[in-house]
Amino acid sequence: MVDAALGATRAVQSRLRDLPSRVVVYLVLAACLFPETGYPGVWRKLTGALAGLPLAAPTASALAQARRRVGSKPLRWLFDLLRGPAATGHGPGIRWHGLLGVALDGTTLTVPDTPAVMTRFTKQAGNHGGTGYPQVRLLALVACGTRTLIDAVFGPTTAGETTYAPRLLPSLRTGMILLADRNFGAQKLVADIAATGAEVLVRLKNGRRMPVLSPLPGRLLPLGAGRPARPRHRL
């Protein structure tokens, strides 16, 4: 798959190198498993089981330069290849009344404090001094039962979650039910989600007073729950 990604994005090295493009992709993937470790440390972990073989000993700057040479396109290609709900059709929390349960939520991640990064991403202010590093806002659409990433977008924290959410809507479809917290209870966003054909269930803020169209009979079982929930109303 890595070779296919490199070929499709034209990122295969043009000459023999100590750090071929395939190895650089493995390096970046391994760095995700060890986020607190610098590139030289990740390289040692990646090659730790190859003792006795003639191995390259790249410097930190050489590893960073190799990463820039390969770029982000092969990683995006791999993500698009592998993302999506797992093939499992049944199991705890996977489906509710035949609908595939998916959830939408966001988080923030720190990124390196370099001049190039700071041209787009900013540090957040706060009552306790804010953050020492620039931050990225990440928004993900996840299959509830399998925890599989269906889609994800990211950008500066100067934009909120509801600003990025519309970019995930093309990954919704009929046969899904989207769960989201009260931050996503904006009228236009909910309407746009419903227009994809997916069902939607969003918490509302306590101050919202919505008209009750009709009461739902009996009790509902939430995704993955083993006991009845309190009666709900259809809004």
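### Quick look at the nonpolar core
Among the nonpolar cores identified, the biggest contains 23 residues, and Val102, Leu104, Leu139, Leu141 and Leu172 are the most heavily contacted of them. Within the residue set of this core, elements represented by two or more residues are strand E2 (99–110), strand E3 (135–143), strand E4 (149–156), strand E5 (176–180) and helix H8 (187–195). Setting aside its immediate chain neighbours within four residues, leucine 139 contacts Leu104, Asp105, Gly106, Asp151, Ala152, Val153, Glu161, Tyr164, Ala165, Leu168 and Phe184. If you look at the next biggest cluster of nonpolar residues, it comprises 16 residues, including Ala5, Ala30, Ala31 and Trp43.

### Describing a positive patch on the surface
Residues Arg182, Arg203, Lys205 and Arg208 make up a contiguous surface patch of positive charge. On the secondary structure map, arginine 203 appears in the loop between strand E6 (199–202) and strand E7 (214–215).

### A word on the pattern of salt bridges
Counted under the stated rule, the structure contains 6 salt bridges. Across the salt bridge formed by aspartate 113 and lysine 123, the nearest N and O atoms sit 2.9 Å from each other. One end of the pair, aspartate 113, is in the loop between E2 and helix H6 (115–118); the other, lysine 123, is in the loop between H6 and E3, and 10 residues separate them in sequence. For lysine 123, a relative accessible area of 38% translates into the label partly exposed. For the salt bridge of lysine 188 with aspartate 192, the shortest nitrogen-to-oxygen distance reads 2.8 Å.

### Some remarks on the packing of helix H2 (residues 21–33) against helix H4 (residues 60–70)
Direction vectors running N to C along H2 and H4 enclose 105 degrees, while the axes themselves pass 10 Å from each other. By the angle between their axes, H2 is roughly perpendicular relative to H4. Packed against H2, whose contacting residues are Ser21, Val24, Val25, Leu27 and Val28, the element H4 presents Leu63, Ala66, Arg67, Arg69 and Val70 at the interface. Partitioning the contact of H2 with H4 into residue classes produces 7 nonpolar, 1 polar and 2 charged.

### Some remarks on H4
Along an α-helix, residues three or four apart share an orientation, since each turn contains 3.6 residues. Residues Leu63, Ala64, Ala66 and Val70 constitute the buried set of H4. The buried residues of H4 all sit within an arc of 160 degrees when viewed along its axis, so they share a single face. In H4, the exposed positions angled more than 90 degrees off the buried face are occupied by Ser61, Gln65 and Arg68. Among the residues trailing H4, glycine 71 stands out with phi positive, at a value near 80 degrees.

### Remarks on the environment of glutamine 135
Tracing the sequence through the fold places glutamine 135 in strand E3. Here the alpha-carbon distance between glutamine 135 and leucine 109, two residues 26 residues apart in the chain, equals 5.4 Å. Apart from residues lying up to four places away in sequence, glutamine 135 is in contact with Thr108, Leu109, Thr110, Val111, Phe121, Thr122, Gln124 and Thr157.

What counts and how
- Residues numbered from 1 in each chain as written.
- Predicted model: local features only at pLDDT ≥ 70, side-chain atom pairs only at ≥ 80, totals over all residues.
- Heavy atoms only, no water.
- Core = buried A, V, L, I, M, F, W, Y, C linked by side-chain atoms within 4.5 Å.
- Buried < 20%, exposed > 50% of the residue type's maximum accessible area, 1.4 Å probe, protein only.
- Helix = DSSP H or I, 4+ residues; strand = E, 2+ residues; numbered from the N terminus.
- Contact = heavy atoms within 4.5 Å.
- Patch = residues over 30% accessible without salt bridge, like charges linked within 9 Å, V, L, I, M, F, W, Y side chains within 5 Å.
- Areas by Shrake-Rupley, 256 points an atom, 1.4 Å probe, with all protein chains shown as cover.
- Salt bridge = Lys/Arg side-chain N within 4 Å of Asp/Glu carboxyl O.
- Lys, Arg positive; Asp, Glu negative; His and termini not counted.
- Charge placed at Lys NZ, Arg CZ, Asp CG, Glu CD.
- Axes fitted to C-alpha atoms, helices over the stretch in contact; angles between N-to-C directions.
- Parallel < 35°, antiparallel > 145°, perpendicular 65-115°, else oblique.
- Nonpolar A, V, L, I, M, F, W, Y, C, P; charged D, E, K, R; others polar.
- Arc of directions from axis to C-beta.

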